[in-house]
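Chain by chain, the residues:
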Amino acid sequence: MTASTEHPIMSQAEAVALGFAGFNDVPHKPSDVSDGEYTITARTSDGRRVTFCFLPDRERSPAGFVDIQYHDAGTSIPNANGGHSPTFNAFGIGRGGRHILDSRPLDEADRPSILVLMLDKPGNEAKPAPRAKSRTIGGRREVSWSFGEGTVFPGYTDDSEWNGFLNITVDEATWPHVHAELLAGADGDRALIASLNALQPKAGYVSLAFGYTTQEVETRWALQFPDYPIACMPPIPGDWMDKSWRNDTKPSFEVCTGPMGEPVEMWIDYPEAALREIAGEPRFGLYRCNAEDELEAIYTGEDYAEAMEHANREALACAFAKALAQEMTPDEWQTMRLNNQTITPGCCASHDFLDANMVMLAVWLTYRGEQLIARGAITGIGDDLDHVNAAWAIARERYMTASAEGERFDLWRCTGLTVPDLSAAGCEVGDNDPCIRPGRVYEPGHIELDEEKGLIVTIGNSIRTFENQIEAEGRLWRAYAASEFTF
């Protein structure tokens, strides 16, 4: 079957007669689950929510397992997407009523976030697939690694360690990127900078063994694409979000998001053209996602440096636009974006409300300037004007001028209401949270304000935390309003 079928509530006997299983002689609500990815969500009369996400082993096939989550225990843990996922208590009952699995005695941080029910038979358990191209060079295996944070680089290791850190070697093509990151973290230490500059490739490789905090990183893209050679993936900035999924044709990463939560994505295909699923597809593709999740190309080609320059410009443009939105009230932001629809080309209505040049300077220093200055590439923003002006033009055209969707978003922001008590406003808060929690309420949902965690947006089984209100609002808008076309 490929489509879901709704059935009315019926007795256990009626459900069994239709071919469903029965459990306890109580009212049953049968549901045929469609092939592919499919979630059934349930809610009790007092608002407690449980989801059952049926997931296939391969694209559009029947479900191979079920991810089960309870969303209202009031506890959570960080997840791989940079947000938080709910945790809860659970136990399993075996022969003789014995609790063969029981999370209740565990500490809060060790409780499950997802219960995985395997839809298989004993002996048919899926075995993890070995990496088809886990290559070795001179006895060293390929590995993704970082300095504990920041950029994830490709490299090689012989699995030896010093002081608990994995010894790493990089090839000559990767070394300039590693060198740049090391210089950026040198804090002007002349002796350290001199020692870094003295490192030179030998026989095509640079050794970082016995002196650096190098650590192996388990990447999502490598798990989703086990035949993609690790050492052939170019350096991936630490602030990119790995969105790779095995049903896609290639690994993908979220570079940044605009004020309405619209993502900018980098797709990186196999290095060998013959291995690419789509013939003639360029290796690097940078795209904006519009409200209908259609990809609009910013750059496509084979040049990593050129792709990264476009990605850096887009990231600076998004950061600049969101920084302006933080400085303005929702009404001022709305007015600016409407005025920019008809203003003289090359001008921007943001200057009617603030000094946008100072906002750009602060953003540039944070997202680009400090590293370039530390590496000795430039001395100030004046040496980087081509990049800055390009980012400003992108922000002005794409993010600071109201589109049809932008007008809806801006109006929605203006109608939001800040309330001192979300509980009193009828919003759900966790059982362990204080009775009074301030927040901002919108038609499709709300944002919780937490002094310790920041701005909390809960959507389905994902909880994301943001520092800035415009980013939290963009997340909420993207998930609800921008997905209306699917209903």
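Placed above this text is the structure.
All figures in this text were calculated on a predicted structure; none of them were measured in a lab.

Parameters and conventions
Residues numbered from 1 in each chain as written. Predicted model: local features only at pLDDT ≥ 70, side-chain atom pairs only at ≥ 80, totals over all residues. Heavy atoms only, no water. Helix = DSSP H or I, 4+ residues; strand = E, 2+ residues; numbered from the N terminus. Buried < 20%, exposed > 50% of the residue type's maximum accessible area, 1.4 Å probe, protein only. Areas by Shrake-Rupley, 256 points an atom, 1.4 Å probe, with all protein chains shown as cover. 1 Å grid on protein atoms, 1.4 Å probe; cavity = no way out; pocket = protein on both sides within 12 Å on 5 of 7 lines; lining within 4 Å. Points joined across faces, edges and corners; volume = space filled by probe spheres on them. Nonpolar A, V, L, I, M, F, W, Y, C, P; charged D, E, K, R; others polar. Pairing = 2+ DSSP bridges. Contact = heavy atoms within 4.5 Å. Axes fitted to C-alpha atoms, helices over the stretch in contact; angles between N-to-C directions. Core = buried A, V, L, I, M, F, W, Y, C linked by side-chain atoms within 4.5 Å. Salt bridge = Lys/Arg side-chain N within 4 Å of Asp/Glu carboxyl O.

Undergrad: Outline the overall build of the protein chain, supporting the account with residue identities and numerical values.
TA: Broken down by element type, the protein chain carries 10 helices and 28 strands. Taking all 487 residues of the protein chain together, 42% fall into the buried category. Accessible surface for the protein chain amounts to roughly 26,200 Å². Of this, 52% is attributable to carbon and sulfur atoms.

Undergrad: Give a detailed account of the layout of surface pockets, specifying residues and quantitative values.
TA: Each pocket or cavity is described by its volume, and for the second largest pocket that value is around 440 Å³. Classifying every residue of the lining of the second largest pocket by side-chain character gives seven nonpolar, four polar and one charged.

Undergrad: Outline empty space enclosed by the protein, listing residues and values.
TA: The full count for this structure, using the stated rule, is one cavity of 30 Å³ or more. Here the largest cavity is characterised by a volume of approximately 40 Å³. S144, V152, F153, P154, W221, I230, M233, P234 and I236 are the residues that line the largest cavity. When grouped by side-chain class, the residues that make up the lining of the largest cavity number eight nonpolar, one polar and no charged.

Undergrad: So, the sheet that holds strand β22 (residues 284–289): which residues are in play, and what are the values?
TA: Taking strand neighbours across the sheet as the criterion, the five strands line up as β19-β20-β21-β22-β23 in an open arrangement whose pairing is antiparallel. The sheet is open, and its two borders are formed by β19 (241–242) and β23 (295–301), each paired with just one other strand. In this sheet, β22 lies alongside strand β21 (residues 263–268) in antiparallel orientation, the contact comprising five bridges. Of the residues in β22, the one forming a bridge with W267 is G285. Against the sheet, helix α5 (residues 304–327) makes contact with β20 (252–257), β21, β22 and β23, and its axis sits at roughly 35° relative to β20, the strand it touches most.

Undergrad: Go over the nonpolar core with me, naming the residues and quoting the values.
TA: Note that soluble globular proteins tend to have their nonpolar side chains buried in a common cluster. Residues F320 and M400 are the most contacted members of the largest nonpolar core, which totals 64 residues. The dominant element in this core, judged by the number of residues it contributes, is α5, at 13 residues. Once residues lying within four places of it in the same chain are set aside, the contact partners of F320 are A356, V359, M360, V363, W392, A395 and M400. Of all hydrophobic cores here, the second largest spans 15 residues; its members include W145, V170, V178 and L208.

Undergrad: I'd love a proper account of the pattern of salt bridges, names of residues and values included.
TA: Taken as a whole and assessed by the stated rule, the structure comprises 16 salt bridges. A salt bridge links R49 to D72, with the shortest nitrogen-to-oxygen separation between them at 2.8 Å. Highlighted residues: R49 in strand β4 (residues 49–56) and D72 in the loop between β5 (63–70) and β6 (75–78), separated in sequence by 23 residues. D72 gets classed as buried once you look at its relative accessible area, which sits at 13%. Residues D159 and R141 are paired through a salt bridge, measuring 2.9 Å at the closest nitrogen-oxygen approach. Here D159, found in the loop between β13 (153–157) and β14 (161–162), pairs with R141, found in strand β12 (residues 140–146); they are 18 residues apart in sequence, far enough to count as distant. In this structure D159 comes out as partly exposed when scored by relative accessible area, which is 42%. When salt bridges that share partners are traced, they join R141, D159 and E216 into one network.

Undergrad: Now, about the pairing of strand β26 (residues 445–450): what can you tell me, with residues and values included?
TA: With five of its six residues buried, β26 lies for the most part within the structure. As defined by bridge partners, strand β25 (residues 439–442) adjoins β26 across four bridges and the pair is classed as antiparallel. Pairing of Y442 across the sheet is with G445, part of β26. In this structure, the hairpin formed by β26 and strand β27 (residues 454–459) is closed by a connection of three residues.

Undergrad: Report on the sheet that holds β5, specifying residues and quantitative values.
TA: Sheets are built from strands that pair by backbone hydrogen bonding, the pairs being arranged parallel or antiparallel. In spatial order, the strands read β3-β4-β5-β10; together these four strands make up an open sheet with antiparallel pairing. This sheet does not close on itself; its edge strands, each paired only once, are β3 (38–43) and β10 (115–118). The sheet shows a mean angle of 20° between the axes of neighbouring strands, taken without regard to direction. One ladder, built from six bridges, connects β3 with β4; its direction is antiparallel. Bridge pairing links T41 to T51 in β4.

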